[in-house]
Amino acid sequence: MSQAAPQAPSERGPEPDAESRERGLARFAQISAAWTEKWFPDAYVFALAGVVVVSVAAFINGSSPKVVAEAFGGGFWDLTAFTLQMAMVVLTGYIVATSPPVARLIERIAMVPSTPRGAVAFVALLSCLVSMLNWGLSLVFSGLLARAIARRGDLRADYRALGAAAYLGLGAVWALGLSSSAAQLQATPASLPPELLEITGVLDFGATILTWQSLVMAAVLIVLSVAVAWASTPRGEAVRTAADLGVDLDDEVPEPPVRTRPGEWLEHSRILPALIGALTLLWLVWQFIDLPLLTVLSSLNGYLLVFLVLGLVLHGTPRRFLDATSKAVPSTAGVLVQFPLYAAMAAILTRAEGRGGVTVSEHLADLFTGVGGGGAFAVVIALYTALLGLLVPSGGGKWLVEAPYVMQSASDVGMNLGWTVQIYNAAEALPNLVNPFFMLPLLAVLGLRARDLVGFTFLQFLFHLPVVLLLLWLLGMTFEYVPPVMP
């Protein structure tokens with residue numbers, strides 16, 4: 001897969017004339033994107049700052065430096081298993097998306113749309129649907145699909161709109177799907193910190209992403225995303241193609257090097273991947289036979305095993321698989337270095353006792369409990385989550401920071417705990433539409449800059465925010481409180 005680097009402005013072809021430039025909200029979005037790109041530091045800086053902020057809060061709460069330091073060091077590696085699991089979500093999605101069979105599938109389905117606006121809507125739809133399975137797969141798959149459509153000589157589609165549509169899976173519904181970090185964590189007791197497990201118990205997918213309310217919300221948001229993508233696609237002189245932007249669309253995959261020694265025979269053989277694939281399939285069949293369906297679907301380790309081996313089988317040989325893995329590893333860097341900091345933050349919030357033996361987490365729980373139950377609680381938690389997500393763009397890691405006091409508040413006001421996870425999930429996706437952090441893997445595939453896409457995704461944000469808040473309010477009224485279920 002060719003990953004063209006973003007071009008400098010002087011290399012990207014002529015700028016559109018004044019009449020064809022975006023106006024109104026789109027123009028405002030471009031200004032906001034340029035400001036964000038210039039002034040927002042890397043998300044890792046926000047994670048470092050978060051540790052400092054919660055430490056200061058603990059000091060203000062009366063915790064001693066020794067207590068805060070012990071909580072920091074003692075909790076830093078609490079999420080080692082979950083960190084690896086989330087990195088594997090990204091890794092496996094990338095590997096599957098770049099396999100030769102998927103690449104051929106992308107070339108075929110790229111011929112389906114017949115109009116430029118239809119092409120943008122088509123990419124938006126597939127991006128959302130694939131993200132319900134795996135958000136890492138959605139990013140790379142949709143980016144490659146956008147490139148394949150842009151290569152069509154019979155279709156003059158706006159490349160920026162195609163790229164923004166490819167991002168909608170992560171910006172709209174990923175957290176309501178199977179790779180939801182918060183839902184996966186709550187369904188995996190071995191990955192839950194003891195303090196959180198005591199508050200929430202175990203919540204399998206039947207209590208979170210597979211409730212009819214969550215599925216309805218996902219369907220509404222997908223339809224909304226596709227409609228806005230179609231309506232906001234530039235036409236006429238405003239269209240900016242990949243050629244206009246100076247993007248190289250050559251995705252030809254180089255042939256693997258010729259074998260030069262006997263030891264390379266197995267590296268280029270399909271025998272071992274086929275045998276491992278058959279063994280995994282046999283294991284999966286017996287899982288469905290021996291265990292309840294929801295238990296199998298809620299198993300994060302099983303999910304990752306299937307995706308990893310699927311990638312191996314689709315690439316065909318160990319050498320192709322290892323080459324794809326080498327390209328995918330850099331996209332996991334953010335998860336690997338940030339999640340330990342989130343674990344440390346959660347430990348300071350929940351373990352560093354201050355005056356009266358009360359932690360910062362307990363104070364925050366009291367604050368949210370004061371809002372009351374019902375729709376008001378859902379809206380306040382959603383707005384808080386979305387705002388925090390602008391500064392700490394990490395679904396699973398941030399959930400571990402928020403969950404202790406948010407879930408305790410939910411129990412105190414009688415809000416269904418599974419739906420509280422979905423309140424978080426739905427709101428967590430919103431800041432992705434305006435914060436370019438999660439765009440980075442997609443931008444590498446597209447060869448674009450964040451400011452090229454954020455103008456379109458910001459418009460999506462303006463439509464999504466009120467709809468998400470309304471759905472969380474209305475659908476939340478259909479739940480009843482269920483006490484935590486311990487493993």
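In case you missed it, the structure is sitting above this.
> Explain the pattern of salt bridges here, please?
Where side chains of opposite charge bring their charged atoms close, a pairing between them can arise. Applying the stated rule across the entire model yields nine salt bridges. Across the pair Lys66 and Glu70 runs a salt bridge, and its minimum N-O distance is 2.6 Å. Note that Lys66 and Glu70 are positioned in helix 3 (residues 65–75) at a spacing of four residues, about one turn of the helix. In this structure Glu70 comes out as partly exposed when scored by relative accessible area, which is 49%. Among the ionic pairs, Asp78 bridges to Arg351, the shortest N-O distance being 2.3 Å. Separated by 273 residues along the polypeptide, Asp78 in the loop between helix 3 and helix 4 (80–97) and Arg351 in helix 17 (residues 333–351) bring together distant segments of the chain.

> Just to check I follow, could you spell out the environment of Ala58 for this structure?
Of note, Ala58 is situated in helix 2 (residues 43–60). With a relative accessible area of 0%, Ala58 lands in the buried category. For the pair Ala58 and Gly354, spaced 296 residues apart in sequence, the C-alpha to C-alpha distance is 6.9 Å. Ignoring any residue separated from it by four or fewer positions in sequence, one finds Ala58 in contact with Ser63, Val68, Ile348, Ala352 and Val360.

> Would you explain empty space enclosed by the protein in this entry?
Over the atoms, a rolling probe the size of a water molecule traces out where space has been left empty. Evaluated as defined, the whole model comprises three cavities of 30 Å³ or more. By volume, the largest cavity is sized at about 90 Å³. Around the largest cavity sit Asp78, Leu79, Pro193, Glu195, Leu196, Ala343, Ala346, Ala347, Thr350, Arg351, Leu400 and Pro404, which together line it. For the lining of the largest cavity, the leading source of residues is helix 17, giving five residues. Its residues assigned to classes, the lining of the largest cavity shows eight nonpolar, one polar and three charged. Counted as a void, the second largest cavity has a volume near 70 Å³. Lining the second largest cavity, in full, are Val120, Ala161, Ala164, Ala165, Leu168, Ala229, Ser232, Thr233, Phe456 and Gln460. With three residues, helix 8 (residues 159–166) is the single largest residue contributor to the lining of the second largest cavity. Residues that form the lining of the second largest cavity fall into these classes: seven nonpolar, three polar and no charged.

> Please clarify how a nonpolar patch on the surface should be interpreted in this entry.
Residues Leu210, Leu215, Phe288, Leu293, Leu294 and Leu297 make up a contiguous nonpolar surface patch of roughly 470 Å² in combined accessible area. Sort the elements by how many residues they give to the nonpolar patch and helix 14 (residues 293–297) lands first, with three residues. Looking at where Leu294 falls in the secondary structure, it is placed in helix 14.

How each quantity is defined
Residues numbered from 1 in each chain as written. Predicted model: local features only at pLDDT ≥ 70, side-chain atom pairs only at ≥ 80, totals over all residues. Heavy atoms only, no water. Salt bridge = Lys/Arg side-chain N within 4 Å of Asp/Glu carboxyl O. Helix = DSSP H or I, 4+ residues; strand = E, 2+ residues; numbered from the N terminus. Buried < 20%, exposed > 50% of the residue type's maximum accessible area, 1.4 Å probe, protein only. Contact = heavy atoms within 4.5 Å. 1 Å grid on protein atoms, 1.4 Å probe; cavity = no way out; pocket = protein on both sides within 12 Å on 5 of 7 lines; lining within 4 Å. Points joined across faces, edges and corners; volume = space filled by probe spheres on them. Nonpolar A, V, L, I, M, F, W, Y, C, P; charged D, E, K, R; others polar. Patch = residues over 30% accessible without salt bridge, like charges linked within 9 Å, V, L, I, M, F, W, Y side chains within 5 Å. Areas by Shrake-Rupley, 256 points an atom, 1.4 Å probe, with all protein chains shown as cover.

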